[in-house]
Amino acid sequence: MEEKEFFQKAADSKYAKKIGKHTRLKESLIKIFFAVNGTMALIFIILIFVFLFKEGFKALDHIGLLDFLYLDRPDASGNIERVFQWYPTSEEPRYSLIPLLIGTFLTAFPATIISTLLGVGAGIYLSEVANPKFKEFLKPMIELFAGIPTVVLGFIMLVVGASFFNDLLHPANRLNAFVASIGLSFVIIPIIASLTEDALHSIPNDLRMASYGLGATKWQTISKVILPAAFSGVSASILLGFGRAIGETMIVLMCAGNAANLTSNIFLSVRTMTATIAAEMGEVSQGSDHYYSLFFIGIVLFTITFFLNLIAEIIINRMRKKNTF
Amino acid sequence: MKEIKIVVKDLNLFYGDKQALKKITMDIPDKRVTAFIGPSGCGKSTFLRVINRMNDLIDHVKIDGEIYIDGVNIYDKSLDIVNLRKNVGMVFQKSNLFPKTVYENIVYGPRINGIKDKKVLDEIVERTLNQAAIWEEVKDRLNENALSLSGGQQQRLCIARALAVEPEIILMDEPASALDPLSTAKIEELIHDLKKQYTIVIVTHNMQQAARVSDQTAFFYLGELIEYDRTTTIFTNPSKKQTEDYVTGRFG
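Turning next to the overall build of chain A. Across its full length, chain A holds 12 helices and 4 strands. Looking at the 325 residues of chain A, the share that counts as buried comes to 35%. Partitioning the intrachain contacts of chain A with sequence separation of at least 6 by distance along the chain shows that 75% fall at a separation of at least 24.

In structure tokens:
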């Protein structure tokens, strides 16, 4: 066929149909709609961070970084005394975050340890031990448990749990870091259990077969092959649980006693950073030093959780790259 | 005929209601290569897994009949399955190395059997890698991730790993089906060497492979053992029409 002839056909060809203006507009509107939806979360997060940092850093102009750590002041006999106290509304306000940081970690650490033991155990049970039918019933139950409003868990711990441990252990304060960390565990165990189960379940069955084929017992297979192979997933679940423990508010607000004690005693009342923001933000006068200092606490909280997530991400990436243990 | 290692009597196996193996009866000789051939779904792999009780790990599997190794009924209720699997090694269709180093893969089996002495473990690594004809290729890479080896090397490493627990019987489930011809040739050569010391049972889809490596061949079809004889007889002068049709490529 001649080339000229070939191109002459174009006019009558069924391929010559041009795209309608209407169609093109509709397509691009749809595209924009989903793009906005997709980036909405990102936009809001950025706006929140901008606001948080803008307000929080004002605290540094008014109060100063060192004052967030301690205050040197004369005691009754005139000697200079270094105090670590959170008394933002006192006539002589003290803004040390140290007792709040201690309160946060004194509730979050024990909660994470308890939850790691029980949560990883539950994850192993779900993935490796439980018969599949029971697992199908149990896993949604555990995940459902994670969905209980924390105020309900806090209330139960406040009314039932605290009294139980009060009678059992006779702590110095009825509401204390220990009671709060038990309450936090209720939230974190399901998170760790569920994510651990996911991590273990994703290990290919081939590896189990290889291990059994070499004469390994179930426990040897779990401890020497499955858990190490899932190490990154399991540690990520623990770090995420820890992050949640630090950020959790309602339970610690209700159960930790809220006295900003500078203590390492788990049976004393403590006050966490989150509980401080929640309890004081409602009553603070906007624009005061106290107001900005609460935002500064927010920055500290954000920084901690940010680095926790970063570390989790680095562990996971390194494991993925090396893929060895 | 050599001494008999494995005796199978009237073995039936069910997946739920479906019968996958029907009245299998056969003797497998010691220090020989026995090949199982047959079309997909004929039960040959299932039967292989009966020998080291790997089917126990699958739900809803029911087995009746008897299997003896060296006169011991391996489906005896009081039998230690872990001990059985130590003595009946297995190489799988797809390399299933642990995501550990070459060295750690080999010593996994010995370690769970309680060997802790580094010198003994080192010896085992060198011996088994030599047996698996891969020592020269990996001796400088013992501390590298085993998954960085080539497919053929990985499969030979799997064989070395199985040898490290010193089994008497080695079950191979299509060990070369995912490999290129060169790697396949190496595996076949290896099987030839190993039969001096081990009883080998190999499932294969590749009839030329069965003809090359095995001393006797069993042909399975729809869960039944159709014919079992010397490999040369099966491939040149089978007594059943079905066997002849299969080995000549008329179906399957």
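Turning our eyes to something else, we now look at the overall build of chain B. Counting secondary structure elements, chain B contains 10 helices and 10 strands. What you see for chain B is a C-alpha radius of gyration of 18 Å, in line with the 18 Å of a compact globule of 252 residues. Each principal axis of the C-alpha distribution contributes one length, and for chain B these read about 55 × 45 × 35 Å. Taken over 252 residues, chain B has a buried fraction of 46%.

So, about helix α4 (residues 132-146) of chain A. With 15 residues, α4 of chain A ought to run about 21 Å at 1.5 Å a step, and its terminal C-alpha atoms sit 21 Å apart, in line with that. Across the 15 residues of α4 of chain A, 1 count as buried, placing the element largely on the outside.

What follows is about the sheet that holds strand β1 (residues 4-15) of chain B. All names here are of chain B. The 4 strands lie next to each other as β2-β1-β4-β5, forming an open sheet whose pairing is antiparallel. Single-partner strands in this sheet number two, and they are β2 (18-29) and β5 (72-73). Bridging between β1 and β2 involves 8 bridges; their strand directions are antiparallel. Within the sheet, the bridge partner assigned to L11 lies in β2 and is I24.

Helix-helix packing is characterised by the crossing angle of the two axes and by the distance between the axes. Here helix α3 (residues 98-129) of chain A crosses helix α6 (residues 177-201) of chain A at 35°, and the two axes come no closer than 5 Å. In the crossing of α3 of chain A with α6 of chain A, the sense of the turn from one axis to the other is right-handed.

For the rest of this paragraph, the subject is unusual backbone geometry. All names here are of chain B. Even without glycine at this site, K23 takes up a positive phi of about 45°. Classification of K23 as partly exposed rests on a count of 13 C-beta atoms within 10 Å. Even without glycine at this site, L222 takes up a positive phi of about 50°. Note on L222: 14 C-beta atoms within 10 Å, which makes it partly exposed.

Before going further, it helps to spend a moment on the sheet that holds strand β10 (residues 224-230) of chain B. Residues and elements named next belong to chain B. Reading across from one edge, β6-β7-β8-β3-β9-β10 is the order of the 6 strands in this open sheet, with mixed pairing throughout. A strand with exactly one partner marks an edge of an open sheet, and here the two such strands are β6 (88-91) and β10. Along the sheet, successive strands turn relative to each other by an average axial angle of 15°, direction set aside. Sheet topology places strand β9 (residues 216-221) next to β10; 6 bridges connect them, and they run antiparallel. By the bridge assignment for β10, Q216 is matched with R230. Seen against the sheet, helix α6 (residues 151-163) touches β6 and β7 (169-173) and runs at an angle of roughly 170° to β6.

Residues and elements named next belong to chain A. Partitioning chain A into domains gives domain 1 (19-62) and domain 2 (97-322). Placing the centre of domain 1 and that of domain 2 at their C-alpha centroids yields a distance of 31 Å. Across the boundary between the two partners, domain 1 contributes 7 residues, which contact 8 residues of domain 2. The residue inventory of the side of domain 1 that touches domain 2, partitioned by class, reads 3 nonpolar, 2 polar and 2 charged.

The extent of an interface is frequently quoted as the accessible surface area lost upon association of the parts. Facing the 18 residues of chain A at the interface are 23 residues of chain B. Among the elements that line the side of chain A that touches chain B, the one with the most residues is helix α7 (residues 205-213) of chain A, at 6 residues. When the residues that make up the side of chain A that touches chain B are grouped by side-chain class, the tally is 9 nonpolar, 6 polar and 3 charged.

Attention now goes to the pairing of strand β4 (residues 61-69) of chain B. All names here are of chain B. In the sheet, β1 pairs with β4 via 8 bridges, with the strands oriented antiparallel. Residue V7 lies in a different strand from β4, and its bridge partner there is Y68. By the bridge criterion, 2 bridges tie β4 to β5 in an arrangement that is antiparallel. Each residue of the ladder has a partner; that of Y68, found in β5, is N73. Taking the residues that link successive antiparallel strands as the turn, the β4-β5 hairpin has 2 residues, and the phi of D70 there is positive, at about 50°.

Residues and elements named next belong to chain A. For strand β1 (residues 71-74) and strand β2 (residues 80-83), the ladder comprises 4 bridges, and the chain directions are antiparallel. Within β2, the residue paired with R73 across the bridge is E81. Between the antiparallel neighbours β1 and β2 lie 5 residues, among them G78 with a positive phi of about 90°.

This part covers the environment of E128 of chain A. Residue and element names in this part refer to chain A. Relative to the elements of secondary structure, E128 occurs in helix α3. When the 19 C-beta atoms within 10 Å are taken as the criterion, E128 is described as partly exposed. Residues E128 and K218, 90 residues apart in the sequence, show an inter-C-alpha distance of 8.7 Å. Those residues within four positions of E128 in sequence are excluded, and the remaining contacts are L200, I222 and I226.

Along α7 of chain A, the residues classified as buried are A210, S211, Y212 and G213 of chain A. On its buried side, α7 of chain A packs onto α8 (218-229) of chain A together with α2 (81-87) and β6 of chain B. A positive backbone phi angle near 85° is found at G215 of chain A, which sits one or two residues after α7 of chain A.

The rules behind these values
Residues numbered from 1 in each chain as written. Chains lettered and ligands numbered in written order. Predicted model: local features only at pLDDT ≥ 70, side-chain atom pairs only at ≥ 80, totals over all residues. Helix = DSSP H or I, 4+ residues; strand = E, 2+ residues; numbered from the N terminus. Buried ≥ 20, exposed ≤ 12 C-beta atoms within 10 Å, placed from the backbone. Contact = placed C-beta atoms within 7 Å. Rg over C-alpha atoms; globule rule 2.2 N^0.38 Å. Expected span 1.5 Å × (residues − 1). Pairing = 2+ DSSP bridges. Axes fitted to C-alpha atoms, helices over the stretch in contact; angles between N-to-C directions. Left-handed = near helix turned anticlockwise from the far one by under 90°. Domains from an automatic or database assignment. Nonpolar A, V, L, I, M, F, W, Y, C, P; charged D, E, K, R; others polar.

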